[in-house]
Each structure stands twice: as structure tokens, then as C-alpha cells.
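Chains, contacts and geometry: an overview
Here's the letter readout for the chains.
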Amino acid sequence: MNQRLAKPYGSLINRDQPIKFSFEGTAYQGFLGDSIASALAANNQWLLSRSFKYHRPRGTLTMAGQDANTMIQLQSNPNALADRELISENLRVMAQNYSGSLKRDRGALLGLFSRFLPVGFYYKAFFKPRGMWEKWAPLIRKKAGLGVINQQLEPDYYDKQYKFFDVVVVGAGPAGLQAALTAAVDGCEVLLVDENPTLGGSLNYARFDAEGLRGQQLRDQLLQQIDANNNITSMTDAVCNAWFADNWLPIIRGKRLYKVRAKQVILCTGALEQQAVFHNNDLPGVMMSSAAQRLIHLYGIRPGSAAVIVTGNNDGYANALDLLDAGVQVKAIVDLRDTPTQDAISKAIAARGVRILTGHAVFAAQKTNNHLSGVDIRPITSTGICGPQSESISCDLLCMAVGYTPTYQLVCQAGGQLSYDDSSAMFTLTNCPEAMQVAGSVNSHWDLDACLAEASRAAILATNALGFTETTIPEIIAKTGVSPNHPWPIFPHPSGKEFVDFDEDLTIADIINATRDGYEHIQLVKRYSTCGMGPSQGRHSALAAARLVAAATKRTVAQTGVTTARPPFAPEQLGHSAGRSFYPARRSNMHYRHVEAGAQMLQAGEWYRPAFYGSANDREACINNEVVNVRNNVGLVDVSTLGGIEVRGKDAGEFLNRFYTFAFLKQPVGRARYALLTNEAGVVIDDGVACRFSDNHYYVTATTGGVDRVYQSMLKWNAQWRLDIDIANVTSAYCGVNIAGPKARDVLIKLCLDIDLSAEAFPYMGVREGTVAGIPARVIRVGFVGELGYEIHVPQHYGEALWDALITAGQDQGIQPFGVEAQRVLRLEKGHIIIGQDTDAMSNPMEIQMGWAISRKKPFFVGGRTIAELQKKTPLRSLVGFVVDDLSAPIPLESHLVLQGEQMSGRVTSCNYSPTLGKPIGMAYVDPLSAQAGSKITIKSSGGVRVTAEVVALPFYDPNTLRQEL
Amino acid sequence: MKLLTCPLNGPRNISEFTYGGEFHLMPDQNKTDARQWAEYVFFHDNAAGVVTEWWCHTASTFWFLAERNTITDQVIRTFEASEVFSQRKAFSVIEDQA
Amino acid sequence: MTTLLRRSQLSRRHIALGAEFEQIGDTLLVSNYGSSEEIAQAKSLALIDLSTLPRTGFKGAGATTWATSQGVKIPERPNLALLQKDQSLVVRLSYHELLILSNIDPLSTQIERLDSMAVGPQTYTLPRADSHCWLAVTGSQAAEMFSKVCGVDLRPHKFANNAVAQTSVAKASAIVVRHDLGTTHCFYVLTDVSAAEFLWDCLIDAMLEYDGGPVGVASMRELAAEG
């Protein structure tokens, strides 16, 4: 039977555009604008899913995307909400969480065993013996599963965007519309955001008067003004998913996450209708009264043919009028109140002859074919208790109108306080931050005019605070009218199955048993029972659970409180956080020369660097060849990533003296000096060389990964010392190479005509300025790899030209590029440490045998006092070199343990096969007692194999440094 | 995301800044015993209430100071380091150190 | 000195896009990418590489005093830019730091002059032409595009002409300067030269949604002339 109503019902759908889709393999037709749930409802398909634990049949509950009942599987998206997701041509929709078929789910038998699945089941059943959980988890996960991720799917493009507004109004119901209009004064940029497809909120579907005219009239009038106002930007289908510090709002629309900064926020987030709790209250056909009204007005769908309404307020009567107008037979209004308040709407109902049972409740619902078929009505004898007199009424629709909770999530995330008054069953919100206002039903205003007045007032507060207006602030809007919240719409049944939390299949007994198991605090009840932890995050369970816990622990709901609702408000797709992110990548000017030479590039921090040149399959051979060529001929390595900092001014020497451990005041011009950096705790944090180009000019290198921190640290210290210097980070302004090997001079001499390269004129640790291949260059004689070598630093844009010139000039000498990996081996052979690899967050200079780099003759340096104290103590460990003579042993790797007996006494920091020595060499922290050359240490290598290594004096290679001083 | 007002660059998202630790004046290392020095280096006040902190605007490497209430996370004010450090700093020397 | 014409770190990107280069001074810039729509593109949303144009920087307690003595007009406060008589743009980054950017046509005379002379006391040169790449984003949708990569509100009514922001663009530290070309919005972005390709790719990606793309300096010249 087609449930579709004629126009003007169905404001969201376009009847001229039919759309075909399938659900569970059956073809259906809906209209453009239909959600999956509404299109299925139009075809009388109400069953949408099976519940999480007991596999109970579930259908539409809110029609607003606020519950987990409508979760369905799309090819691209598991756990999609059928009442949120629109149909599209040929969309394939499947139900989820059933075994067999949706109609006949074998898993539903679990419901029969529900007494074996008590609250806290997981904790109780799997706490011991150990290993039980691992055994059962796969089965339980399968039964209690949600949707399935399609791993074949090509990921879509998700991204982010910043937005800036003076005022953001969240929620575009009557209060939100009015707040936006009042706030949109001259110059004030307003964003109005709503998660629904259209603006208007309840004006689109709720009934505010007996005639059913006011909502639409007000909506048309407000929307017209909004449309005409250029200061208002509207975003629909957009959910404001959290509130973060200083009004930072993540708003999700489609595949984009908007990061919105608002100077003022006005929350008009409305209220969420709550279910009544009774036996079988979760059957398809049982829904919120607002869901029935949404079906009728938004989608033009008759929500049933024969209806019963259970109500605790007069909204149930308005709902009855809507149902009657839509041609639904209203069999009875079951009013929980003994003496309902009378208004025009309730009088209109009486006039239409609808049967009204006051002081009655729905005690139970009955089902046929997975759908509601009737209700058991009983009189209420006392709070939550029904008398024995029973009347069955057959119906296929039960609407629940027993009250609301404010949509308080964002308010509370901002520090707002939610409280509850047990006598009126009303909520209040207090303690909002200054730049946040709340208005409307979220603030427990139920009268439409009061909502509008409060929204205007909130907007005036906002624009006054922003300085746009100086309007007199209206009086606080008094809360008039009767509370729509019935204090106790909860009716236990001997057979249970009165659901408090639909997501997690929790019943009255589960909540009460949680308190009996000793978990009386509402937060503990939540964690123990999982109440409120499902996809709908307690929207419909928090209040009922709080009431039950309050009663069970003999407290008020106010004393019990409700659980906190943390971000996100609505489920987010991973794409929204994982979508387009920025990872800056840096390339040296010579980058493409490495690529063209066949380098395997690696990313070291942000920088691309050549690991080695050649095929990845020949890794070891390539690295060894590069090492051998540096030792025998000459190699060229790109060191552009090395940090470079200019320290200039008359206090430049004084600054370095204070900043680094060594002495720099008497450093001769034209010389480089090793610069070791410690922090105030005496821990080694960086190193480099300081090149003195003139009395007032040092050029200091720093490690690739450390330079930004070193530069920041330099500026921080000089903000305190106020020395007469300037510090500039010029890392990227210079490209650099290290040309190293016994034939390095023979190559460089061809290109460098204006510097005397002879060993006497330009000794080891000398620095010169001149030209190389006509390029202005700073040339530094360093020995990181242990051979005659020159670091050549040139302005960045000459990098490629310098590289080409050196490679060409070095052909006769057998020049070959070498990569980071060969460089690591070469420096290890030479016994040079790498900060951060051979040091850690505790390493002091003495431990790493760098006591020689500490000057004791200066009044101060950073870390100096701490180092002086450390020098008085016996060191706890020593960094030593070791060799492994057993070539059959697995080569130790970084972080392998050094053992003393079975106790850890240290660890390996670097270890490589040395082509030069023909065996593995490495560095390790060891007990100082084992630090003497000749000591044997035991290393727990790969696979737990104990490898014996011998401690040797560093360096491994060229101990008399003859080669680097050639 | 919090906002922080840089004295040079104005209000910016806190992700543009680097935290530089609690602000403390360094005691004179030559007049401080080991215990007091360790207090300065290793022990942080971690006070509940208004504290002064170092912050650096990363893009411009501009260091400044902020007074922040650690209970409410309200930043009370930010100001340039020169308000505190206006003179060239000299370090004491112990004469008989040799 | 080598006589090589100066090429941008991005030149491989330009060649791949079919760029036609032109020589300005001793550098090469992309004149156009072969499209006849480039002026319209630049008015809507476009990316231009200016990295090889002259620029320099001065820093230190005496920098503004010295620069003033050399006839440089100093913006009244940090994070402002000021157009000079020779059409170069002086960007004041802090109390004691200046960045000077050349015009295209004609090239600024001031930059080469300042670079070639001895600086005054407490004044230090910065190799800005080598440390940073220099891109321009032009067109009516520029600010909208920036909102996808930058957390500072660069919309024209919030970020005036000649305003400067030192901030993060696509997570890379950057100097953003608004310097309109006639009536067309134009934002300069200077970021670490080693991240030039990264930033270029990020901006091209962010522009796709608005049909933005790269154009050459020929269209930039046209737009400046229109104003």
C-alpha cells in the first residue's frame, strides 16, 4: 500500500523526480528529497535494522537522524542513518547486523537468552580466567557488529576550510531564525547553521495552533527576511559537531570540515523528544510524535493507518490533529496525566470525538510480522505502576509525546551547567561562557512567542558585546506555560523488554541492576552498563537512566545528574579528520640531480634526502660501494639540509660563549670550532661547527632536525641576555655539499681558483670564502666522514650548478655521489656521534666522551652549572665503540640491549657492517665498568641471540686523524 | 582551538605558537647551592592560578610572555619580554676559581 | 660569477605545464602557459611564481634607521607594507626587520643598490632571494581559496591592501602580503624555498574547486596596468 499523502504535504520532496533504489535487494521508488527511511516508509517498509545485542527488529524512531535504529549499510559508508541519508538513483542499501535475513534474523534468538546477557556481562563473563575474552571476542564482535567497511573502496576527497563570523547561530528553528535576524545588524556577519535539509526547524512540521496554520506562516515570514538579509549566511545539512575553546566550531557539511571561529555563538539547538519506557517500546511502528509529524509534513507520508498516542503533554493532542488531518484513524489518546491542561488544541481534539483516556499508560505493545499490532492500555495506580485492568487496542502506529530533553551537548561542552528540577521536570542551563547565548526550547521555553522573544534578546546581547549595537537589553524572558515533560513515563513489565537505551538494548532492569552491583554514580552506571555509549550517545537514554538511577538510589534526578556529552555531537566519518592534511615536504636545490642519478629518496623529517644511489634490491652493495669510493677516491654528498645560522654583531662571540659548551671568544677568524649544545639540565641537544668569518660574524651549523629548535632557543636566550647581536636562520638560503675523500683536493682545485687549498694554507677546521666554479661559496674543512673533505655552502639557487660542476670536474678522480646511509657508516667508522641517535633525552657530555668540549674558563654557559654538578658524580653509563668479530652472528641493531647476566645494562645506539674494517662496528651505552677497551659485552641481538662484542677505543678508523688532515 | 594574542602579530590560533615553559628568573649560579639550582632546573611550580609562561609565535620566531590562569585557561595578558629584560645581562665570575 | 640565468626552484613544474619563459634582468620568469584566457584566469583565481624576482632583507636594531638614511620609506608599524618610489614594496616584519620586494616592470632599482652597499651599524643583510620562494595568488576568489589552507582571515574587507600576516599556509610558515594589482586582489606568499614545490602543489590543489590555476607574469603586468 502506498503511504504517500497528496500535496501540500511533503515539503522536502519533489514528486516530479522519481528515483529508483534498492533495499535488501528489492527495488523501490521514492522522490528526490526523500531520505532512505522516508522512501521506504512510503512503500510501507518500516523495518530498517536489527538491534545491536538482541537483534530486535527496529524502525524509524525520530526521523531526525538522532537515533541508531535507522543505521544501514551503504556501499561507501557503513552505519549511515537512513533518516538522514538521501536516496539517489540506483543507490544500493542494505540493512546491517542480522544473520540470515532482515525479516528472519537467526540472531534474534539471542533475545530469548537475554537473562544470560545481564548488565555488565562483558566485565563479569570475561574478567577471568585470562584469555577468555580473546576466545569469545570474534563471535561477539560478529553478533554485536555494526556495519562493514568496504576495503575495496577508493577513498573520496575530504578536506577542511576555515570560516570567520561575528555571530554563529546553531539551530535554525524559530529561535535560531529570529536570533539570526536580530543579530544581522549592519556590519555583523552571521552564520546560521542547521543539520536539516531546510531552515525552519519545528516550524516545518510541528503544530502550534488548532488550525495548523501558524507554523508555516511564521516560517514563510522569517525565511523571507533571512533571504533578503545579506549579512546572514545559511548552511543546511551542516552539523555543528562540538564547541571548543574561544568559540571554535567544527561544522561538517558533506565531505568538508569547516573550522569556524565565531566571536559570539547563539545556541538555538532545540530539544529532543523522549520515548516512553514500556514493554516492547522499541517495535517498528512505535515512534516519537515528532517523527510522525516529520513523516507527514516533510515527506508526505501517512505514518500508519490506526494510531494510538501516549502523551504527557498537549503536544500529543497537536499530533493527533495532524494524524487526523492526514487521514490516520486515531483510536485513542492515552494521557499519563490525571487532569490534562486544556487549550485550544485539546478542545479541538475533544470536538473531533477522539477517545481520551486520562491517567492511563501504555503498559505493553504487541507485534505481528515485526511490526506493532496493538497496545495494552492500563490505568496508572501510582508512579510507574499500572493497575491490572487491561484493554487491548489494535493499531499499527503508536506516537509517544511524553517530554523533551534540551539539546544541551554544545552548551555543556562550553562549560554550561545543566540542572533539572524534579518538581516541574524542567531543565535549566546556567554558567555559559560570556561569548555564548542560548535561546528557545534548549533553554526550556515551550511557548513560541517566548522562544522568539528570547532569541531576540540573545542576539541583542551578542551584538552589544561585539560593539555593533548599544540596544537596551530586554528583561529576561520568564518561563511561562506548562512543562511538557512528564516526570515518570516509565512502566516496568514482568517480562522486561522496556528499553531505556535502544542502541545498547538496555532495559529498566539493566539500569537498576547496575546500581545493585554497586555502581550508583551516574558516570559509573554509564560505563558499567554502556548506557548512552552507543551511536546516539544517550540522546534518548540519559534522562530515563538518570530517573531510574535516582529512584533506585533514593536521590532526586537533580542530585543524580546526567552524563557528560563530549564531542562529537554526531558521528563523524574518519575522512573528516583524516582528509586532506598538510605534511610540508622540503627539497634541496639538487633534489632532481639525486633522482636522476637513481637515488632512493628517504624523508628525514620534512626533507627528502638520497638514502643511496642504485636499485633498492642492491641496497647493501650500493652503500658499501659508496663508502669504499669515499675512502679510496672522492665522494659527494648533499648536505643542504644541515642547519645554518648567522650570528652577527659585536657580541657574537660572547653569545656563542654563553650558548654553546666550548669557548669561542678567542677563536681565530678563518677557523671553525666544534659547537656542542646542552640544555639547562646539561643534556646534549645539538651540535655543529661555528665558523668565524670576521670578528663580528659567525656562521653556525646545526643538525637537520634540530636547527629550528636551536634557532628558537637562541632567540629565547637573547631575549633575556639582550646582547648586541642579530641571529638569522639561513638554513634554506644555502645549499651545501661535502666533497670528501683522499682526492677531494684534486677535484676542488680545478674549480676553486681564489682559495689556496694547500694543507698549510687551508688546514683542517679552516674556513674560507671564495668561489667554486664561479659561484660565491663558503668553504669549510671538516671531517665528519674521516677523510680530507670540504663542505661547500653556496646560495640556494646555485645548488644544482655546483653539483654539476663538481661531478663533472671529478670524473678523472672517480667522483661518485654518496647518500645518507653511506655517510652514516663513514661517520661511525670515524667514531662521530649523531645527536638524537647516539644520544637520548638523558645524555650528558661526559657520558658520550665529550668532556673535552666543555670550557671551564668562562663565567657561564647554558647547562654549565648542571654539568659541573654532574662532573662531581660517578657517571651511570658510557657511550663506547664495539666490534663484533663473529661474522656469523646476527648484526646488532639500534636499541638492542646490552646485557649483564640477564639484566639490561645498556643499549646499542648505532651499528653497521663496516666495509673498511670488514666486520660489524657500533656504539652502545654500557656500564662504566665495562667501558675500558678490551672489555667484552653481551648484546641481545635479533631473535634473542646473545652476541659477544669487544669494546674498542674510538674511532675505529684512522685514530691519528692523518687522513682528514691530509 | 584557543586564541592567543601575540604582541607582534595579534590574535592567532594557538597552533601557530610554540610553548616555551614556565617563566623563571635564573638564580645566580655562583651564589646558589646544588639543591636550589636543581629546583630551578628540574622542578616546575605547576601552580593552580595565574602563571607566567614563555610563548613563541612560530612563523615569526617572536618570543613573548603570557599570564595565564591555569584553572580557567584564561590568558590574562601577553607582553613583550623587554618589559622584564631591559638590560644587557652580565654573569658573575668567581675570582678565585683557578 | 656564473652567467646562468636564474631559474626558480619550481622551473620543472613550469616546464611540465608547458610554460613559456621570459627573461627579466638576469632571471627567467614564466610569461604564460600558452592559454589565451590567462588574464581572465588571473582576475578570477590564479597562481604566479615570482621566485626569481629580486628581493632583499635587512634586520637589526639599526636597520630602519639605516634604511631611512638610504631613502627607504618605512611602514609605520610591523606587519604593514609600503610602496616605494621605485615601485618596490617594503614589508616591515617587526620593529627591526624589513623585507624589500621588487616590482616586475620596471624592476626595482633600490634593491640592487641597497644590496651592493655597506650597511650601517647594527644592520644585517638577509639573503631573502635565496631563503624564500615567492608566489602570488590573484583574483576575486583568492581569499576564499586561502581559507582552505590558512587560518588567518584574509578576506578583503578584513585584510586591507598592504596588510601583512606572518602565519602558517598549508602548515608551512609563510609571510602573506596583500598587494593588489590595480583592482585585482593579489596576495604574495613567501615561504621557505625548500618547500616551494610542496606549497605550489597545495595551492594548485586548493584552487581546483574554483577553477583556479597557474598563469604567467604577462597577465600580472596587464592587470597592474589596468589599475
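As the structure is a prediction and not an experimental result, all values here were calculated from the model.

With that out of the way, let us pick up the overall build of chain B. Assigned secondary structure in chain B consists of one helix and six strands. Here the C-alpha atoms of chain B give a radius of gyration of 16 Å, more than 25% beyond the 13 Å that 2.2 N^0.38 yields for 98 residues. The principal-axis extent of the C-alpha atoms belonging to chain B is close to 55 × 30 × 20 Å. Sequence-distant contacts, at least 24 apart, represent 44% of the contacts inside chain B between residues at least 6 apart. Surface exposure of chain B reaches about 5,500 Å², of which carbon and sulfur atoms provide 51%. The average position of the 8 basic charges and that of the 13 acidic charges among the side chains of chain B differ by 4 Å.

Once that is clear, we can look at the overall build of chain C. Assigned secondary structure in chain C consists of eight helices and 13 strands. The C-alpha atoms of chain C give 17 Å as radius of gyration, which agrees with the globular expectation for 227 residues (17 Å, within 12%). Summarising its shape, the C-alpha atoms of chain C cover approximately 50 × 45 × 35 Å along the three principal directions. For chain C, the proportion of its 227 residues judged to be buried stands at 61%. Contacts in chain C between residues far apart in sequence, at least 24 positions, make up 64% of those at least 6 positions apart.

With 42 residues of chain C in contact, the opposing surface of chain A contributes 44 residues. Where chain C abuts chain A, roughly 3,500 Å² becomes buried across the two surfaces, and 47% of that area is made up of carbon and sulfur atoms. Along the contact surface separating chain C from chain A lie nine salt bridges. The salt bridge partner of C:Arg7 is A:Glu800, with a shortest N-O separation of 3.2 Å. Applying the counting rule to chain C against chain A returns 30 residue pairs in polar contact (both at pLDDT 80 or more). Among the elements of the structure, helix H1 (11-16), strand S8 (124-126), helix H5 (128-131) and helix H7 (196-208) of chain C are those that each provide at least two residues to the side of chain C that touches chain A. Counting residues per element, the side of chain C that touches chain A draws most heavily on H7(C), at five residues. In terms of residue class, the side of chain C that touches chain A is made up of 16 nonpolar, 10 polar and 16 charged.

What follows concerns the domain arrangement of chain C. Residues and elements named next belong to chain C. According to the domain assignment, chain C contains domain 1 (11-53 + 132-226) and domain 2 (55-129). Placing a centre on the C-alpha atoms of domain 1 and another on those of domain 2 gives a separation of 22 Å. The interface is formed by 21 residues belonging to domain 1 together with 17 residues belonging to domain 2. For the domain 1 face of the interface with domain 2, the top three residues by lost area are Leu 53, His 132 and Val 164, together amounting to 30%. Joining domain 1 to domain 2, the criterion identifies one salt bridge. Taking the shortest distance from any N to any O, the salt bridge between Asp 105 and Arg 221 comes out at 3.3 Å. Elements supplying a minimum of two residues to the side of domain 1 that touches domain 2: strand S9 (132-138), strand S10 (164-169), strand S11 (172-178), strand S12 (186-192) and helix H8 (217-226).

Take the sheet that holds strand S48 (residues 946-952) of chain A next. All names here are of chain A. If you trace the six strands once around the closed barrel, you get S43-S46-S45-S44-S47-S48, paired in antiparallel fashion. Across the sheet, the mean angle from the axis of one strand to that of its neighbour is 45 degrees, orientation sign disregarded. Together, strand S45 (903-914) and strand S46 (919-926) form the strand contacts of helix H22 (residues 820-829), whose direction differs from that of S45 by roughly 115 degrees.

Looking now at the interface of chain C and chain B. Contact residues are listed per partner, giving 12 residues for chain C and 10 residues for chain B. Between chain C and chain B lies a buried interface of about 750 Å² when both sides are counted; carbon and sulfur atoms form 48% of it. At the boundary of chain C with chain B, the tally comes to zero salt bridges. Every element with two or more residues in the side of chain C that touches chain B is listed here: strand S6 (89-94) and S10 of chain C.

What follows covers unusual backbone geometry. Most peptide bonds adopt trans geometry, and most residues besides glycine take a negative phi value. Residue and element names in this part refer to chain A. Omega for the bond connecting Lys 7 with Pro 8 falls within 30 degrees of zero, at 5 degrees, which places this linkage in the cis form. Locating Pro 8 in the fold gives a position in the segment before strand S1 (14-23). Phi is positive for Ala 425, which is not a glycine, with a value near 55 degrees. By the element assignment, Ala 425 lies in the loop between strand S25 (417-421) and strand S26 (426-430). At Lys 554, a residue that is not glycine, the phi angle is positive and equals roughly 55 degrees. Relative to the helices and strands, Lys 554 resides in the loop between helix H13 (542-552) and helix H14 (557-560).

Residue and element names in this part refer to chain A. By size, the foremost hydrophobic cluster in this structure holds 84 residues, and its most contacted members are Ile 36, Leu 323, Val 375 and Leu 398. Taken domain by domain, this core gets at least three of its residues from each of domain 1 (1-146) and domain 3 (275-402 + 487-493). Each residue touching Ile 36, except ones within four places of it in the same chain, is listed here: Ile 72, Leu 74, Ala 82, Glu 85, Leu 86, Ile 87, Leu 91 and Val 93. Core analysis: the second largest hydrophobic core is formed by 51 residues, Val 168, Val 411, Leu 506 and Ile 508 among them.

Let's shift gears to the sheet that holds strand S4 (residues 50-57) of chain B. Pairing in this open sheet of four strands is antiparallel, and the strands run S3-S4-S5-S6 (chain B) from one edge to the other. Since the sheet does not close on itself, it has two edges, and those belong to strand S3 (17-22) and strand S6 (74-80) of chain B, each with one partner. Averaged over neighbouring strand pairs, the angle between their axes works out to 30 degrees when direction is ignored. Packed on one face of the sheet, helix H19 (residues 707-721) of chain A meets S3, S4 and strand S5 (62-69) of chain B and runs near 130 degrees to S4(B).

For the rest of this paragraph, the subject is the pattern of salt bridges. Residue and element names in this part refer to chain A. Scanning the entire structure with this criterion turns up 69 salt bridges over all chains. For Lys 255, the salt bridge goes to Asp 156, with nearest N and O atoms at 3.3 Å. With Lys 255 in the loop between strand S12 (248-253) and strand S13 (256-267) and Asp 156 in the loop between helix H3 (132-143) and strand S8 (159-170), this pair connects stretches of sequence that are 99 residues apart. Take Asp 156: its relative accessible area is 43%, and that puts it in the partly exposed class. Arg 352 is paired through a salt bridge with Asp 325; the nearest N and O atoms lie 3.0 Å apart.

Another point: the pairing of strand S2 (residues 27-32) of chain C. Residue and element names in this part refer to chain C. The element S2 is largely enclosed, with a buried count of five among its six residues. As judged from the five bridges shared by strand S1 (residues 20-24) and S2, these two strands associate in the antiparallel manner. In the sheet register, Phe 21 faces S2, and the bridge partner there is Val 30. Taking the residues between adjacent antiparallel strands as the criterion, S1 and S2 are bridged by two residues, where Gly 25 takes a positive phi near 60 degrees.

Right, let's talk about the side chain of A:Asp686 for a bit. All names here are of chain A. Structurally, Asp 686 is set in strand S35 (residues 684-694). There is no salt bridge for the buried Asp 686, and the closest opposite charge comes from Arg 709, which lies 5.0 Å off by N-O distance. Here the side chain of Asp 686 touches Thr 703 through a polar contact of 2.5 Å, side chain to side chain. Setting aside chain neighbours within four positions, we find Asp 686 in contact with Ala 675, Leu 676, Leu 677, Ala 702, Thr 703, Gly 706, Val 710 and Ile 835.

Let us now look at empty space enclosed by the protein. All names here are of chain A. Taken as a whole and assessed by the stated rule, the structure comprises 13 cavities of 30 Å³ or more. The space that makes up the largest cavity amounts to roughly 160 Å³. Lining the largest cavity are 18 residues, and of these Leu 12, Asn 196, Pro 197, Arg 294 and Leu 298 sit closest to its centre. For the lining of the largest cavity, the class distribution of residues is eight nonpolar, five polar and five charged.

Residues and elements named next belong to chain A. The geometry of helix H4 (residues 174-183) relative to helix H5 (residues 214-228) is characterised by a closest axis approach of 10 Å and an angle of 35 degrees between their N-to-C directions. Of the two elements, H4 crosses H5, and the hand of that crossing is left-handed. Where H4 approaches H5, its residues Pro 174, Leu 177, Gln 178, Ala 180 and Leu 181 are matched on the opposing element by Leu 222, Leu 223, Gln 225 and Ile 226. Looking at the contact of H4 with H5, its residues break down into seven nonpolar, two polar and no charged.

What follows is about the pairing of S6(C). All names here are of chain C. Counting buried positions over the six residues of S6 gives six, a clear majority of the element. Bridge count between strand S5 (residues 80-83) and S6: four bridges; the pairing is antiparallel. Residue pairing for S6: Leu 83 is matched across the bridge by Leu 89. Two successive antiparallel strands, S5 and S6, enclose a turn made up of five residues, where Gln 87 displays a positive phi of approximately 70 degrees. By the bridge criterion, five bridges tie S6 to strand S7 (residues 97-101) in an arrangement that is antiparallel. By the bridge assignment for S7, Val 91 is matched with Leu 99. Counted between consecutive antiparallel strands, the loop separating S6 from S7 contains two residues.

Reading the values: rules and limits
Residues numbered from 1 in each chain as written. Chains lettered and ligands numbered in written order. Predicted model: local features only at pLDDT ≥ 70, side-chain atom pairs only at ≥ 80, totals over all residues. Heavy atoms only, no water. Helix = DSSP H or I, 4+ residues; strand = E, 2+ residues; numbered from the N terminus. Rg over C-alpha atoms; globule rule 2.2 N^0.38 Å. Contact = heavy atoms within 4.5 Å. Areas by Shrake-Rupley, 256 points an atom, 1.4 Å probe, with all protein chains shown as cover. Lys, Arg positive; Asp, Glu negative; His and termini not counted. Charge placed at Lys NZ, Arg CZ, Asp CG, Glu CD. Buried < 20%, exposed > 50% of the residue type's maximum accessible area, 1.4 Å probe, protein only. Buried area = accessible area lost by both parts, 1.4 Å probe. Salt bridge = Lys/Arg side-chain N within 4 Å of Asp/Glu carboxyl O. Polar contact = N/O pair within 3.5 Å; in protein donor to acceptor, adjacent residues only side chain to side chain. Nonpolar A, V, L, I, M, F, W, Y, C, P; charged D, E, K, R; others polar. Domains from an automatic or database assignment. Pairing = 2+ DSSP bridges. Axes fitted to C-alpha atoms, helices over the stretch in contact; angles between N-to-C directions. Core = buried A, V, L, I, M, F, W, Y, C linked by side-chain atoms within 4.5 Å. 1 Å grid on protein atoms, 1.4 Å probe; cavity = no way out; pocket = protein on both sides within 12 Å on 5 of 7 lines; lining within 4 Å. Points joined across faces, edges and corners; volume = space filled by probe spheres on them. Left-handed = near helix turned anticlockwise from the far one by under 90°.

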